[in-house]
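Observations on the model geometry
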Amino acid sequence: MAPHRSRLAPLAGLTLIAGLVAVAPAGADESSELAPLHPAPTAENGELTHQVQDLWFIELESPPTSRGTASARVDDEHEEFRAEAEEYGLEYSERLSFSELWNGVSVEMDDAQVGTAREIPGVAAIHPVVRHEIPEQDDSAPEMDTALGMTGADVVQSELGLSGEGLRVAVMDTGVDYTHPDLGGSSEFPSERVVAGHDFVGDDFNAGDPAGSTPAPDDDPQDCNGHGTHVAGIIGAEGEVTGVAPDVTFGAYKVFGCSGSTTSDIMVAAMEQALADNMDVLNMSIGSAHSWPQYPTAVASDNLVDEGMVVVASIGNSGDTGLYSAGAPGLGANVIGVAAYDNTHIRAAAAEATQSGETIAYMEMDDAVLPPESGESDELVYVGRSCSSLGDELEGDPEGRTALIVRGDCTFAEKYDAAVDAGATGVVIHNNLPGMFAGGGITDRGAFAVGISQEAGTHLLGLLEGDEPVTLTWTGEQATVANPTGGLISSFSSYGMAPDLDLKPDLGAPGGLINSTYPMAKGGYATISGTSMSSPHVAGGVALLLEARPDLGVHEVRDVLQNTADPTMWWGNPDLGVLDNVHRQGAGMLDLPGSILTTTSLAPGKLALGATEGPVTKTVTVSNDGDQAATYEISHEPALGTHGSTFTPSFNAASAEASFSTDEVTVGPGESVEVDVTVTPPARDHEQMLYGGYVTVTEIEGKGAGESHRVPYAAYNGDYQEIEAMTPITDANGDVHELPWLTRITECEAFSGLECADDNGGTFENQPDGATYTLDWVDGLPDIPYVIAHFDHHVTKLEMIVVDERTGRPVHPDRNVAVDVDYVNRSATSTAFFSYAWDGTVVDSRDRVKAVRDGDYRLEARALKALGDPDNPDHWETWTSPVITIDRG
């Protein structure tokens, strides 16, 4: 859902809202709680955010053809749906239809029609079609060596002689620049390296812009943005940049235009084309945060794996929004969902602090003018945070000078504009956390803008305390600098678990500040951060693994990669020696030599223990694929846990205990032994605890003596149903506002049907005493009831029933539904909300859309919690609206 800033009329003008923080119960052991050395990034900015939904997947009952349903049966279901929809009077526009990997259609319709659509016979579920933005990027020089070394891809290439030859890797993204010399350098498509593909949207497509939201597909997947070319370079460039698997061939499936966003239904169409093109591996550096494994892109991906294709997908870049932020398709049960680790080194442009000679590595910010390649900058002056929207006044006068600004709390564009408005000739933003960063979103106003590390900023601030003016000398050179957060989980990488408590992410790879290929028209090379950059490391790694082990089954690939991955220390304070959250890094960093050379395997590759209120026992099978017996020691490695607020989680070292049916096993060549693992959860010292660790199997006698293999596990500590889903929000003054609300919309500049789709999300006015609605358009606004709701946690099912105020009963025993949505995402922040419109209709006993008579009604909302039992009333949360008076006049 595309987030828009919005206002609830009684709360207009809110700025900062504190994140909700759960308080530990009385008697909690505070000693187990840990604080990071540097604050975790957070998306909590206190702005009320309307998450718009105007496109929908309608899932039909039968499985798709890839699951064995006859094509004729699926075709009949589609035709029956269209006929029934017409009979019901459903007002919709069909976008795409699907049959092979997922059975259903995508449509554009008002959310007021969703309840009607759900009542149509043959409809199994309805899901929102999510929009996906292209990640931002920054230009820099090519450098992949250190990233390859982090996963051992360099060793696999140089010592094992593997290159991915013979493997076909699909890249679903912004297209691929097949003219790039590192990607084949062909003037035509298809080419020797880019052998298949399709443009599903056209260059001008942007799903977020009504004027450009109609796809114009063609056969040429040339990349006019850059992201897809960058991803392809990581997978398999060969030239100035060397990718993970430099001899793979590519399929390029372009689902984005030159800028903006795409939609998840187009992604499903691209998956079906990749299957038709016989791709071996699919990389999707795309994801919809806070979603479900049941989302159509995840289900289609699972079916693609069952058809024989390994699917690798980013787990998401929403770590700043807290727990359960992982996204589909990476949440798919068969998909390899990939987290991101920061690169150990960064190659960037360099200047010198003139007064000290210290090298200052920097990264340019798009789209500001580039700094000079020689000479000196104007004198530096520190101006502070430079967030005018938060009331900041500049701490120094930058007129005719270069403004030094600290990162954080507002956008790069706001900082840049404030300095340039005050006369700055250049802007240098230093990080507020260790390491470099890639910033953007700036509109050029004639002054350069660069980002530098926190360490470089501290050095410059120290020089500014002296009496001499401080300047930068532009050298036009490059510098490779150590990244202090290298090898640790990236700050943007999304947290699991999945809302059904599956263990996600599965493993990780380098994704922070990766240099790779870029379209030749845009300079040829660039540096980008994101799990969208870690996913192609794994996709390329899968190609190397399949080249080395061609008999490996498609469902075995993830297990092998997880068995040999290496978990890393907690990003918040690595010197503590505590492993980072399993629900943040999965099995750990990809280890390609280990996965290729190992003769030991553990199954399953991960243990999702669910919600635990006592010990849980699972079985792990240890297999020896070597040619001689091996003896293994079984042990347990605990990892850090989280607790408290979903949106701003806290950390704790309260670990589980693990015991085994045997602590040591000897396994003959070609044989397997089962080991029972019993995990006892930690004491419930905090609310909403997620915990995890690793079952570690170390070979102590045999060819691989000293080598360790692991099975990660994770779980919720306690009764999962205790999490409140449909909750109030809290404003900047600490006042609680008891959402859900009955509202009317009082301001909106653009609509998609009845959904407000303008940039600020519109204004919704609370109607606590009830309200009268004409169900017509008045002064350019729909005069209909909107229910707005915030979800602290995922909801399996949301329904709203129309109740006659006079009788106190539903308007019809069966045909009474106003809203019926399956698998609702949690809200993106503690102040985000969804809106649900009711157009005054229900479906009557003859299966036709029927308008209710003028009169008084209420809407009764019911939300089934994640993993809730629909037959257990305690697993439902309910709310009843004030009186809604329909008076059409």
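I will try to describe carefully the structure that is included in this document. None of these values were measured; they are calculated from a predicted model. (Residues numbered from 1 in each chain as written. Predicted model: local features only at pLDDT ≥ 70, side-chain atom pairs only at ≥ 80, totals over all residues. Heavy atoms only, no water.)

Before going further, it helps to spend a moment on the sheet that holds strand β36 (residues 672–680). Overall, antiparallel pairing links the 4 strands, which are arranged β28-β30-β36-β34 in an open sheet. Pairing within the sheet leaves two strands with one partner each, and these edge strands are β28 (600–603) and β34 (657–660). Across the sheet, the axes of successive neighbouring strands diverge by a mean angle of 30°, strand direction being ignored. As paired strands, β28 and strand β30 (residues 616–624) are joined by 4 bridges and run antiparallel to one another. Residue alanine 603 lies in a different strand from β30, and its bridge partner there is threonine 621. (Pairing = 2+ DSSP bridges. Helix = DSSP H or I, 4+ residues; strand = E, 2+ residues; numbered from the N terminus. Axes fitted to C-alpha atoms, helices over the stretch in contact; angles between N-to-C directions.)

To continue, consider the state of the cysteines. Scanning the model with the defined rule gives 3 disulfides in all. Disulfide pairing is shown between cysteine 224 and cysteine 258; the S-S distance is 2.0 Å. Because the sign of the S-S torsion sets the handedness, a value of about -105° for the bond joining cysteine 224 and cysteine 258 places this disulfide among the left-handed ones. Taken together, the positions of cysteine 224 in the loop between β12 (194–199) and α5 (227–236) and cysteine 258 in the loop between β13 (249–254) and β14 (261–263) put the pair 34 residues apart, joining distant regions of the chain. Residue classification places cysteine 258 among the partly exposed positions, given a relative accessible area of 26%. Here the cysteine-cysteine linkages of the protein are recorded as 1-2, 3-4, 5-6, numbering only bonded cysteines and doing so in sequence order. (Disulfide = S-S within 2.5 Å. Buried < 20%, exposed > 50% of the residue type's maximum accessible area, 1.4 Å probe, protein only.)

Here we come to a negative patch on the surface. Judged by side-chain charge, Glu633, Asp663, Glu664 and Glu701 come together as a negatively charged surface patch. With respect to the helices and strands, glutamate 701 occurs in strand β37 (residues 689–701). (Patch = residues over 30% accessible without salt bridge, like charges linked within 9 Å, V, L, I, M, F, W, Y side chains within 5 Å. Areas by Shrake-Rupley, 256 points an atom, 1.4 Å probe, with all protein chains shown as cover. Salt bridge = Lys/Arg side-chain N within 4 Å of Asp/Glu carboxyl O. Lys, Arg positive; Asp, Glu negative; His and termini not counted. Charge placed at Lys NZ, Arg CZ, Asp CG, Glu CD.)

Turning to unusual backbone geometry, a few remarks are in order. Backbone torsion omega between lysine 504 and proline 505 reads -5°, so that peptide bond is classified as cis. The residue proline 505 is located in the loop between β24 (472–482) and β25 (507–512) in this model. Cis geometry marks the peptide bond from leucine 739 to proline 740, where omega comes out at 5°. Positionally, proline 740 belongs in the loop between β40 (736–737) and β41 (741–747). Notably, aspartate 779 is not glycine yet its phi reads approximately 55°, a positive angle. Looking at the element boundaries, aspartate 779 is found in the loop between β46 (777–778) and β47 (781–782). Judged by relative accessible area, aspartate 779 falls into the exposed class, the value being 77%.

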